[in-house]
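Observations on the model geometry
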Amino acid sequence: ELLLNSCPHCFQNFRSIFCDLVCHPNQSEFINVTESTVDPDSNKTYVSRFTHHISEKYATGVYENCSKYKLAICGIANYFSCNRNNMFKFLGNNDYTVLKTDYVISDEDIPGVVRPTSDHLVPCDDMRNWDRCTCNNCAASCNNNEGQD
């Protein structure tokens, strides 16, 4: 949160990816469980891997809003090659991720199975709910008369 907080739109968009996984009322429309594991101690089955379908617009928007924060969104290994696809690969499978996620970025519906999530995107120059992001963090928020913050 600390790294992403200087651009509240980035933080909100980034956070909504994970909120969708946990509490979106229609998560079954864009999440498919692909692997489960039985805990040997409790004999309970739990999800260990799933696929999260995200629209092109949403994935690109989140990346563009947060692209100035390469360390937070891509990690050290992908810092110099940080792009939208590497961001989602890192988010779904890194040393800190217990629940492995394969992100599928596509606008195509799979009838009866998946409709990619596409809502929640807040452009970084949107001022309805927060102050806009600084010009250094979001080129779209720069006015012609405004210099770099």
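In this report, we go over the structure that sits alongside the text. Quantities reported herein were computed from a predicted structural model and do not represent experimental measurements.

Looking at helix 1 (residues 8-23)
Its 16 residues place the ends of helix 1 21 Å apart at the C-alpha level, agreeing with the 22 Å of an ideal helix rising 1.5 Å per residue. At isoleucine 17, helix 1 shows its largest kink, close to 30°. All of the buried residues along helix 1 are Pro8, His9, Cys10, Phe11, Asn13, Phe14, Ser16, Ile17, Asp20 and Leu21.

A few points about the pattern of salt bridges
Scanning the model with the defined rule gives 2 salt bridges in all. Where arginine 49 meets aspartate 102, a salt bridge forms, and the shortest distance between an N and an O atom there is 2.8 Å. Linking arginine 49 in strand 2 (residues 45-54) with aspartate 102 in strand 3 (residues 100-105), this pair joins segments that are 53 residues apart in sequence. According to the relative accessible area criterion, aspartate 102 is partly exposed, its value standing at 29%. Between glutamate 56 and arginine 84 there is a salt bridge, with its nearest N and O atoms 2.8 Å apart. Remark: arginine 84 occurs in helix 4 (residues 84-92) and glutamate 56 occurs in helix 2 (residues 56-66); sequence separation between them is 28 residues. For arginine 84, a relative accessible area of 18% translates into the label buried.

Section: the side chain of arginine 84
Within polar-contact distance, the side chain of arginine 84 engages the side chain of glutamate 56 at 2.8 Å. Apart from the residues lying within four places of it in its own chain, the contact partners of arginine 84 are Glu56, Ala59, Thr60, Tyr63 and Ile105.

Section: the nonpolar core
Counting 24 residues, the largest nonpolar core has Ile17, Ile73, Met87, Phe88, Leu91 and Tyr103 as the members making the most contacts within it. Secondary-structure elements contributing two or more residues to this core are helix 1, strand 2, helix 2, helix 3 (70-74), helix 4 and strand 3. Here this core gets 5 residues from one element, more than from any other, and that element is helix 2. The residues touching leucine 91, leaving out its near neighbours within four places in the chain, are Phe14, Ile17, Phe18, Ile73, Thr97 and Tyr103.

Criteria and thresholds
- Residues numbered from 1 in each chain as written.
- Predicted model: local features only at pLDDT ≥ 70, side-chain atom pairs only at ≥ 80, totals over all residues.
- Heavy atoms only, no water.
- Helix = DSSP H or I, 4+ residues; strand = E, 2+ residues; numbered from the N terminus.
- Expected span 1.5 Å × (residues − 1).
- Bend = angle between axes of the 7 residues up to and from the residue.
- Buried < 20%, exposed > 50% of the residue type's maximum accessible area, 1.4 Å probe, protein only.
- Salt bridge = Lys/Arg side-chain N within 4 Å of Asp/Glu carboxyl O.
- Polar contact = N/O pair within 3.5 Å; in protein donor to acceptor, adjacent residues only side chain to side chain.
- Contact = heavy atoms within 4.5 Å.
- Core = buried A, V, L, I, M, F, W, Y, C linked by side-chain atoms within 4.5 Å.

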